[in-house]
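# Architecture and fold: a report
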Amino acid sequence: MDQVWPLPARPIDEDALEELYRYPAEDDGRWVAVNFVSSLDGGIEIEGRSRGLSTPADRRVFALAHDLADVVLLGSGTALAEDYPGLRPDERTADRRRRHGLGEVAPLAVVTSGTFPADATSIVDALVPTIVITSAAAPAEQQKAWQEAGARVLIAGEESVDLPRAVARLADDGYRRIDCEGGPGLVGTLLADDLVDEVRLSVAPMAVAGRAGRVASSADPLDEPRGFAVASLLVDDGTLLVRYVRERFA
């Protein structure tokens, strides 16, 4: 793996890669990093899933993202489509988290309007309780079912999920390093609410055409484009690994 930016270009080892992908160390703020793999023509899925696009380089930085996070944020659609289980740290991950003063396991936080099934893999196959983020409008029986299945319910918003409130609540609870792993609707809302601090994009050396989704989607365009600056660019066997940070931090 080679670092192309910042200059000078150079080979990069695991320690340097970890330094590039770690979250900012500020204790009084929060950092939302969005992680996606994309085809070179902008698609984010093959047959509805991202796994067919992932490369060894993408998997390395994807692992770093949740290894160094306090919490992994997901939309319920992505959690179901990817059959997403809770994280299970291996020896390397456990050591990495200890060195950075993090908890043993980063919980999942799943955003749902209220229809996320209580027996979903993201809830029942987790070492630590999954956080279900929903609104006060979610049926009481569904909230009870999540809790009985072992999840913690976080209410943010009245009729629909209020993401700024949800992110603030997570930060208040100590989950300041937030790794968002999709899907596009959740990312679109995070961008609309100006909550995305960093985008970590892996561009795989393949094209998919068709009607594959994109990294962010919403019913309407943003009121204005959100500006980002390139923080780092790596190349590994044809895969481009780009980190963009919001221009207010550049």
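Residues numbered from 1 in each chain as written. Predicted model: local features only at pLDDT ≥ 70, side-chain atom pairs only at ≥ 80, totals over all residues. Heavy atoms only, no water.

By the naming in an unreviewed UniProt entry, the chain is Pyrimidine reductase family protein, taken from Actinomycetospora endophytica. Word for word, the UniProt comment on the chain under Pathway (unreviewed entry) is "Cofactor biosynthesis; riboflavin biosynthesis." (UniProt positions renumbered as here; feature names shortened; annotations may be inferred.)

### A word on the sheet that holds strand β11 (residues 239–246)
Spatially, the 11 strands line up as an open sheet ordered β2-β1-β10-β11-β9-β3-β8-β4-β5-β6-β7, and their pairing is mixed. The open sheet is flanked by β2 (10–11) and β7 (152–155), the only strands paired with a single partner. As defined by bridge partners, strand β6 (residues 131–134) adjoins β7 across four bridges and the pair is classed as parallel. Each bridged residue has a counterpart across the sheet, and for Ile133 the counterpart in β7 is Leu154. Helix α2 (residues 56–67) rests against β3 (31–39), β4 (71–75), β8 (177–180), β9 (198–204), β10 (228–236) and β11 of the sheet, and its axis sits at about 35° to β11. Where helix α6 (residues 140–148) meets the sheet, it contacts β6 and β7, and its direction lies at approximately 140° from that of β7. (Pairing = 2+ DSSP bridges. Helix = DSSP H or I, 4+ residues; strand = E, 2+ residues; numbered from the N terminus. Contact = heavy atoms within 4.5 Å. Axes fitted to C-alpha atoms, helices over the stretch in contact; angles between N-to-C directions.)

### Structural notes on the nonpolar core
Membership of the largest hydrophobic core comes to 28 residues, with the highest contact counts inside it found for Leu73, Ile133 and Leu190. Put simply, the parts of the chain that give this core at least two residues each are β3, β4, β5 (108–111), β6, α7 (163–172), β8, α8 (184–192) and β9. Excluding its chain neighbours within four sequence positions, the residues that come into contact with Ile133 are Leu73, Ala109, Val110, Val111, Thr112, Leu154, Val161, Ala166 and Leu170. (Core = buried A, V, L, I, M, F, W, Y, C linked by side-chain atoms within 4.5 Å. Buried < 20%, exposed > 50% of the residue type's maximum accessible area, 1.4 Å probe, protein only.)

### Here's the deal with the environment of Ala138
Among the secondary structure elements, Ala138 is positioned in the loop between β6 and α6. Taking the C-alpha atoms as reference points, Ala138 and Gly210, 72 residues apart in sequence, are found 35 Å from one another. In this structure, Ala138 is in contact with Ser113, Gly114, Gln143 and Trp146, ignoring residues within four places of it in sequence.

### Observations regarding the pairing of β3
Burial runs high along β3: nine of the nine residues are buried. Residues Trp31, Ala33, Asn35, Val37 and Ser39 point to one face of β3 and Val32, Val34, Phe36 and Ser38 to the other, with burial holding for every one of them. Bridge count for β3 against β8 is four bridges, and the pairing is parallel. Residue Ala33 lies in a different strand from β8, and its bridge partner there is Asp179. Where β3 and β9 come together, seven bridges link them in parallel fashion.

### Notes on the packing of α2 against helix α4 (residues 91–99)
Contact pair α2 / α4: the axes reach a minimum separation of 10 Å and the direction vectors enclose 45°. As summarised for this structure, α2 and α4 are arranged oblique, according to the angle between their axes. The handedness of the crossing between α2 and α4 is right-handed. Within the contact between the two elements, α2 uses Leu64, His66 and Asp67 and α4 uses Thr93, Arg96 and Arg97. Partitioning the contact of α2 with α4 into residue classes produces one nonpolar, two polar and three charged. (Parallel < 35°, antiparallel > 145°, perpendicular 65-115°, else oblique. Left-handed = near helix turned anticlockwise from the far one by under 90°. Nonpolar A, V, L, I, M, F, W, Y, C, P; charged D, E, K, R; others polar.)

### Describing the packing of aromatic side chains
Within the structure shown, the criterion is met by zero aromatic pairs. Over the aromatic face of Tyr21 sits the side chain of Arg243, whose NZ or CZ is 5.8 Å from the ring centroid. Its guanidinium or amino end placed over the ring of Phe228, Arg246 lies 5.8 Å from that ring's centre, counting from NZ or CZ. (Phe/Tyr/Trp six-rings, centres within 6.5 Å; stacked < 30°, edge-to-face > 60°. Lys NZ or Arg CZ within 6 Å of the ring centre and 35° of its normal.)

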